[in-house]
Amino acid sequence: MKADEVLKLAYERKLHPVLIVEGGNSEKRFLLAVEIAKLLLCGCNSCSVCNRASKIKYGEDSLLPDLRLLYKEGVRDTTVDSVREFLSTVELAPYEARSKVYIFVDGDTLNYSSQNSMLKVLEENFESPRYFIILASNKRFLLPTVLSRSLKVSLGEKERDENFITILEEKIYSLFREFYKKGDLYYLLAMGETISSALEEKERIDDVLIILNSLVSKSDIKGVECEFISDFAFLLLEFWGLRKMGIRPKKIVNYSLLRAYKRYLLLK
Ligand SMILES: [Zn+2]
């Protein structure tokens, strides 16, 4: 969907409660989100709500109690705790506007658990509307479970790391599909190798978890193989904590893969 179509829906009060704005750059995404929020909160363009909404700048706090902004903490993380705190006011009725809007400014940095923790709220029904706008350079950084609940707007040109994620996802997917079809352990080991080297290069465990999670929702992979992938993702997340003790990503990946494979053999 394009930006002007979304603005029209917001103006007509027909917008889906969960929206993802991807592409462009941080500032463009932010400007569009605030513009949408303004229409959702009021949109008359002459009252104090609209006035304050127009003055909100990227990187600064919101000037409205009914419009909340969540920025990342540190370099690349928006933790579960900050997401919980951010959404803690969701049950409260709007203070002065006709709805409440929550903007996740750095959606790219919402990690695996943060995204999982917001699912319930995204599905809730409220008396007056609540809107959740997630901004991300690329929607691939978001879990399939979040994506499936959202309307997507693209601002076109994408940025950084697009290739890294795409290539990694395609590699993992094709190797696992071969394993699924042929049952040959070789493909599984190759998949482990691919993941290890990606993690050795960039320690982006969340990207790997999101890719693994998305495999489960591919229609051509079913049954115990899905459980295997979920198990592997779960173990990887659990054992990733060992990084703090200096254990190398390769070791962690292999250990998680082996554990998941053992269980898979029992289930099979
Ligand atoms: Zn107004």
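Residues numbered from 1 in each chain as written. Predicted model: local features only at pLDDT ≥ 70, side-chain atom pairs only at ≥ 80, totals over all residues.

A. Representation of the sheet that holds strand β5 (residues 151-154) in the model. If you walk across this open sheet you meet the 5 strands as β2-β3-β4-β1-β5, and the pairing is parallel. Every other strand in the sheet has two partners, leaving β2 (67-70) and β5 as the edge strands with one partner each. Between one strand axis and the next, the sheet turns through 20 degrees on average, direction left out of account. Relative to strand β3 (residues 100-104), β2 is paired through 4 bridges, and the arrangement is parallel. Looking at the pairing, L67 lines up with V101 of β3. (Pairing = 2+ DSSP bridges. Helix = DSSP H or I, 4+ residues; strand = E, 2+ residues; numbered from the N terminus. Axes fitted to C-alpha atoms, helices over the stretch in contact; angles between N-to-C directions.)

B. Just unusual backbone geometry, in detail. Of note, the phi angle at R13 is positive, near 60 degrees, even though the residue is not glycine. Structurally, the position occupied by R13 is in the loop between α1 (3-11) and β1 (18-22). Residue classification places R13 among the exposed residues on the basis of 12 C-beta atoms within 10 Å. Phi is positive for N45, close to 75 degrees, though the residue is something other than glycine. Mapped onto the elements of the fold, N45 is located in the loop between α2 (26-41) and α3 (48-54). (Buried ≥ 20, exposed ≤ 12 C-beta atoms within 10 Å, placed from the backbone.)

C. Quick peek at the nonpolar core. In terms of nonpolar packing, the biggest core is built from 75 residues, with A33, A37, L41, I103, I133 and L135 touching the most fellow members. A total of 9 residues in this core trace back to one element, the largest contributor, which is α2. Both domains that meet at this core, namely domain 1 (3-154) and domain 2 (162-267), each give it at least three residues. (Core = buried A, V, L, I, M, F, W, Y, C linked by C-beta atoms within 7 Å. Domains from an automatic or database assignment.)

D. Seen up close, the domain arrangement of the protein chain. According to the domain assignment, the protein chain consists of domain 1 (3-154) and domain 2 (162-267). A straight line from the C-alpha centre of domain 1 to that of domain 2 covers 31 Å. For the side of domain 1 that touches domain 2, a count of residues per class yields 4 nonpolar, 2 polar and 1 charged. (Nonpolar A, V, L, I, M, F, W, Y, C, P; charged D, E, K, R; others polar.)

E. Geometry of the environment of I36. Within the secondary structure layout, I36 lies in helix α2. Residue class for I36 comes out buried when judged on the 25 C-beta atoms lying within 10 Å of it. Spatially, the C-alpha atom of I36 lies 9.2 Å from that of I133, the residues being 97 residues apart in sequence. With near-sequence residues (within four places) excluded, I36 lies in contact with V6, L7, A10 and I133. (Contact = placed C-beta atoms within 7 Å.)

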